[in-house]
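# Architecture at a glance
Residue strings, one per chain:
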Amino acid sequence: MRLKQSQYEKLILFLSFLNCVKLFFYGNKIIDSISLGITAAALFFIFFNTNLIYSRRVVFLCCCVLCSLLVTVVINGGVGASVNYAILMLTSMLFVSYGISKHAMNKLFVFNGLILLSFLFTLAVVKVNSFYFFTTITGASINSNMVGIVALLVQPCFAIKNRICKALGVISVVGSCFYFILISECRSVLFSVSIFIILNALIKQQIDSKTFYRVVSLSQIFSLLFVACYLILYNCSININLDFFGKTFFSGRQTVWQSVFDLFLKHPLIGSGGKEALKSVNGTVTTSAHNTLLSIIYIFGAIPTCCFFSFWGKKYDKAQTNPRRVNQIIVLSVVVITFLESFYMESYLVFLSVLFFLPELKCRCKLEQENNVKLRSSYDTENNSLLLVRW
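Residues numbered from 1 in each chain as written. Predicted model: local features only at pLDDT ≥ 70, side-chain atom pairs only at ≥ 80, totals over all residues. Heavy atoms only, no water.

Right, let's talk about the pairing of strand β2 (residues 131-135) for a bit. Direction of pairing for strand β1 (residues 124-128) relative to β2: antiparallel, over a ladder of 5 bridges. Bridging from a neighbouring strand, Ala124 pairs with Thr135 of β2. The hairpin formed by β1 and β2 contains 2 residues between the paired strands, and Asn129 there has a positive phi angle of roughly 55°. With 2 bridges joining them, β2 and strand β3 (residues 141-142) adopt antiparallel strand pairing. Bridging from a neighbouring strand, Phe134 pairs with Ile142 of β3. Connecting the antiparallel pair β2 and β3 is a turn made up of 5 residues, with Gly139 showing a positive phi of about 90°. (Pairing = 2+ DSSP bridges. Helix = DSSP H or I, 4+ residues; strand = E, 2+ residues; numbered from the N terminus.)

Spelled out as structure tokens, the structure:
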């Protein structure tokens, strides 16, 4: 890695800060485009200054993706979505492969937690016919699912090993953020919280690293199986009487997901670029596929979709790590959101990569320091034994 560890950590902190602050200007296309461009440029800079650039497999993978994205943009458009995909690819490879120090991790969690918490408390909340609508301080309406996701992201920001922050998290963060999750009626976030509680009760030991990364990578295949089972149940006219915040089990996603498959068959190789809208409930249209992998299939086609499995959750270096069990459970539970939300939803997966993949690898530097100490001690022992022999 040609970048110094301190420089790498500062860039990560800056990007995280930038993507959190831009929420206050939600809906402003100019600011969103500028922050998107800065994020992409910074990530490419980091990528070209790491050892990943010397990996033939990584370079081949990136070339395939970028060429495919370029063809899609030239023929069908979709520049913004392509930049978001590139950001997702780079964050997944970089953050999973390179850890940061515990000190930098604490800064990242505390600063991001305070910014995101401030964003939630500055939202104007209006209730109309049992539904809540949210408006930012700039007067822009914000998607309720986005509010739920932001509230979820605040939770682990205060899960660091610090008594003051833990107390603050329990008293003011967990309660208030769970309130925002409930009123946002974001079912994907509620599923994520439920799965975290279940996994935390069932998994008592740290998961083996290979098993963990394999599960994270295969999670997207599970998401396709979930969609397939959902559509089969709907097409078989199986009535499931489940009610989630006034919405039935078949609340309209079946129409969107069927529309995604129809468009994929129409543009299998290069995708539609997002220029063709998806069918939704009551004859309306939408651009959100409500599934991370399906949104990539729908916009970009087969090649970027296949490449997605190669870098998502894949670790490209051989550094040993010693993750905490709870961090692994957080990652596994939050990945469930990708089953029900699109990847380009205000680049929220950048948040997920920063806040959830990094804790998994934060002990990298500590382990390197311990190895250096062991080498030094063994060297000193050898010198002492040599002196004793000579004496």
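From this point on, the discussion continues.
Take the side chain of Glu341 next. Within the fold, Glu341 resides in the loop between α13 (325-334) and α14 (348-360). Within the local environment of Glu341, its side chain forms a polar contact with the side chain of Ser188, the two groups lying 3.1 Å apart. (Polar contact = N/O pair within 3.5 Å; in protein donor to acceptor, adjacent residues only side chain to side chain.)

It is worth spelling out the pattern of salt bridges at this point. The full count for this structure, using the stated rule, is 3 salt bridges. The partner of Asp32 in a salt bridge is Lys22, with the nearest N and O atoms 3.1 Å apart. Placement of Asp32 in helix α2 (residues 29-47) and of Lys22 in the loop between α1 (5-21) and α2 is noted, with a sequence separation of 10 residues between them. A residue is classified by how much of its surface remains accessible, and Asp32, at 26% relative accessible area, is partly exposed. Relative accessible area serves as the criterion here: at 7%, Lys22 is assigned to the buried category. With its nearest N and O atoms 3.3 Å apart, the salt bridge here joins Glu276 to Lys266. Residue Glu276 is located in the loop between α10 (253-266) and β6 (278-279), and its partner Lys266 is located in helix α10; the two are separated by 10 residues in the primary sequence. According to the relative accessible area criterion, Glu276 is partly exposed, its value standing at 22%. (Salt bridge = Lys/Arg side-chain N within 4 Å of Asp/Glu carboxyl O. Buried < 20%, exposed > 50% of the residue type's maximum accessible area, 1.4 Å probe, protein only.)

Examined against the element boundaries, Ser259 turns out to sit in helix α10. Residue class for Ser259 comes out buried when judged on its relative accessible area of 7%. At 3.1 Å, the side chain of Ser259 forms a polar contact with the backbone nitrogen of Lys279. For Ser259, the residues in contact, after removing those within four places along its chain, are Leu278 and Lys279. (Contact = heavy atoms within 4.5 Å.)

Let us now look at the nonpolar core. By size, the foremost hydrophobic cluster in this structure holds 64 residues, and its most contacted members are Phe47, Tyr85, Met93, Leu94 and Phe308. When residues no more than four places from it in sequence are discounted, the contact partners of Leu94 are Tyr8, Leu43, Ile46, Phe47, Thr50 and Leu52. (Core = buried A, V, L, I, M, F, W, Y, C linked by side-chain atoms within 4.5 Å.)

Before going further, it helps to spend a moment on the packing of aromatic side chains. Under the counting rule described, the total for this entry stands at 9 aromatic pairs. An angle of 45° between the planes, with centres 6.2 Å apart, marks the rings of Phe226 and Tyr230 as tilted. Remark: Tyr230 and Phe226 occur in helix α9 (residues 209-235); sequence separation between them is 4 residues, near one turn of the helix. Look at Tyr230 and you get buried, because its relative accessible area is 6%. On the numbers, 6.0 Å between centres and 50° between planes, the contact of Phe226 with Phe339 is tilted. Here Phe339 lies in the loop between α13 and α14 and Phe226 lies in helix α9, a separation of 113 residues in the sequence. (Phe/Tyr/Trp six-rings, centres within 6.5 Å; stacked < 30°, edge-to-face > 60°.)

For the pair helix α8 (residues 187-202) and α13, interaxial distance at closest approach is 8 Å and the crossing angle is 145°. The hand of the α8/α13 crossing is right-handed. Only Arg325, Val326, Ile329, Ile330, Leu332, Ser333 and Val334 of α13 make contact with α8, whose side of the interface consists of Ser192, Ile195, Phe196, Leu199 and Asn200. Residue composition of the contact of α8 with α13, grouped by class: 8 nonpolar, 3 polar and 1 charged. (Axes fitted to C-alpha atoms, helices over the stretch in contact; angles between N-to-C directions. Left-handed = near helix turned anticlockwise from the far one by under 90°. Nonpolar A, V, L, I, M, F, W, Y, C, P; charged D, E, K, R; others polar.)

By themselves, these figures tell us nothing about what the structure is for.
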